[in-house]
Every structure is written in structure tokens, then in C-alpha cells.
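Now for the letters of each chain:
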Amino acid sequence: MVIDIMTLPHASGNLGGSIWPSSIALAMSSSGGSGSSSGGSNGLSHYPPGSECLELGSGVGLGGVGVLAGSEAAVVTLSDWDQAAPALVANLEDNARANPQEASTEGSSADRCCCDVQLFDWQDALLPQYAASARQYDVVFGADCVYSDQSFIVMGLAAAMRAHLSPTTTASTNPRGFLWMQNRRNPKTEKGISMCREELSQHGTVTEDAFTLTRLSTNNWSAMITPLTLVTYAPVAPKQHGS
């Protein structure tokens, strides 16, 4: 799997312009090669054939592009917000166009291309009327989306995942949300992750698995080992009438 991704200097892309370890794990998750697991199972190919997926906080798009390249998902929508970094979404669109994927249907000449890029401010998901018109996806995921304990960021992320994750889906009977997190970060980030996890647990089942990402350093070619956590969210299915 070869992916062509352009990054941005911090002055242009802010935190989203770089490639973070969690986004590498996300990109590899569709092929089951994200690293070693201490959670008992490395079954990370949670992108059923024909599924529609949404990535929150895509940054440069490595995670979403990797999922499309390594799975049989039909659609991957990349999303981010460019208020703090106007060049971020333009670069995201360029990276999406640079990585077209062949259609999975035999005999089709069309490309599956994750060039569906959306501007998305998570705070919008906190509005009471937002969920009613939100597009539904089979899988919603993100990597290192939490970087502070500011409530509007954390609660906005949780609300966005809940609003866009369909409780029922034609591609899979088990719609899921996945958040890849890098461990041992600053206290505010750890608090923010805990807040997000607690909020999601109020509306479904939340589980965690620990992983280790091993890669080579480009500086001295030594092994770099990064501990990661995968948070999985399963929404509660709506009650059927008459049940």
C-alpha cells in the first residue's frame, strides 16, 4: 500500500499539518497491520465492504486515505476545520485527489477516490437541531483528535461522532466509532480524552485496547516505539416500536 501525503509546516497547518503516530496506526488498521495488541485481538478491519466512513479531524488525511486504500469501504469522507489554518483543508483536498483508489466492483473503470472533503466545525454538532439532518455513516473514526480539555472541543467531538454514526446500517449490523489516541501526553489532553470517553459511555458501549506502534526513525534508523490506545464506541440501537 503506497500513499502519497503532503504535510504542512506548523505556521501553515498548525497541529493538523503533521503526521502523528495515531494517524499511522489508523491508516494501517484496515489491513490489520497497526502494531501489536495487548487487548487480546487485533481484528481491526472494521470497515465492511460497501461501508461509508467519516474521518473527524483528518489533518493531512493519512488515516482516511489509508482506510480507503486498505479496505473495501465504498466512501471515505475526510473532514477538518480551517479557521486556525486556512491552508489545511486545501492541502487535505490535494492529498485526497493524489490518492485515487480502483473501484472494488469487477469490470468497473471508475475510481473510488476519497476526494469527498468537508469543512466541519465540531461545535456545530452541539446545536440541538444538528443531529436531525446529519449525514449518517457506518463507521466514524479519528486519530489524536483530542489535544486539550476544553469542553467545546471534547463535547463537540463526542457529539459529532454520535450524530454521524448510524445506529442501523445496510453495510454492517455493527456500526462503530473509533478514536486512536497517543498515550503519555500532557495532563490536559489526558483529561480531555477521559471527558470524551465518559460522554460517549452515556450513549453506548465504550471499550479500550492498548497497542504499540513500532516504526523506524528517519534520523538514525532506530526503532521508535509509541504506546497507543484505541477507544471503540458502539451506539445503543434505537428501540423498535411495539417492543
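No experiment lies behind these values; they were computed from the predicted model shown.

**Concerning the overall build of the protein chain**
When helices and strands are tallied, the protein chain shows seven helices and ten strands. Taken across its 243 residues, the protein chain has 45% of its residues classed as buried. For the protein chain, contacts bridging at least 24 residues in sequence account for 71% of all contacts bridging at least 6. Put simply, the protein chain shows about 12,000 Å² of open surface, and 51% of that area lies on carbon and sulfur atoms.

**Quick notes on the nonpolar core**
In terms of nonpolar packing, the biggest core is built from 28 residues, with Leu 56, Trp 122, Leu 157 and Leu 179 touching the most fellow members. Only β2 (52–56), α6 (151–164), β8 (176–182), α7 (187–201) and β10 (223–235) provide two or more residues apiece to this core. Looking at which element gives the most residues to this core, the answer is α6, with eight residues. Setting aside its immediate chain neighbours within four residues, Leu 157 contacts Leu 56, Trp 122, Cys 145, Val 146, Leu 179 and Cys 196. Membership of the second largest hydrophobic core comes to 27 residues, among which are Leu 62, Val 76, Ala 96 and Leu 230.

**Focus: the pairing of strand β3 (residues 75–80)**
Taken across its six residues, β3 has five buried, putting it largely inside the fold. Summarising the sheet, β2 and β3 pair through four bridges and their orientation is parallel. Residue pairing in the sheet places Glu 52 in a bridge with Val 75 of β3. Regarding the hand of the β-α-β motif, the stretch spanning β2, helix α3 (residues 62–70) and β3 is right-handed. As judged from the three bridges shared by β3 and strand β6 (residues 117–119), these two strands associate in the parallel manner.

Here is what the cut-offs are and how they apply
Residues numbered from 1 in each chain as written. Predicted model: local features only at pLDDT ≥ 70, side-chain atom pairs only at ≥ 80, totals over all residues. Heavy atoms only, no water. Helix = DSSP H or I, 4+ residues; strand = E, 2+ residues; numbered from the N terminus. Buried < 20%, exposed > 50% of the residue type's maximum accessible area, 1.4 Å probe, protein only. Contact = heavy atoms within 4.5 Å. Areas by Shrake-Rupley, 256 points an atom, 1.4 Å probe, with all protein chains shown as cover. Core = buried A, V, L, I, M, F, W, Y, C linked by side-chain atoms within 4.5 Å. Pairing = 2+ DSSP bridges. Right-handed = clockwise from strand over helix to strand, strands pointing away.

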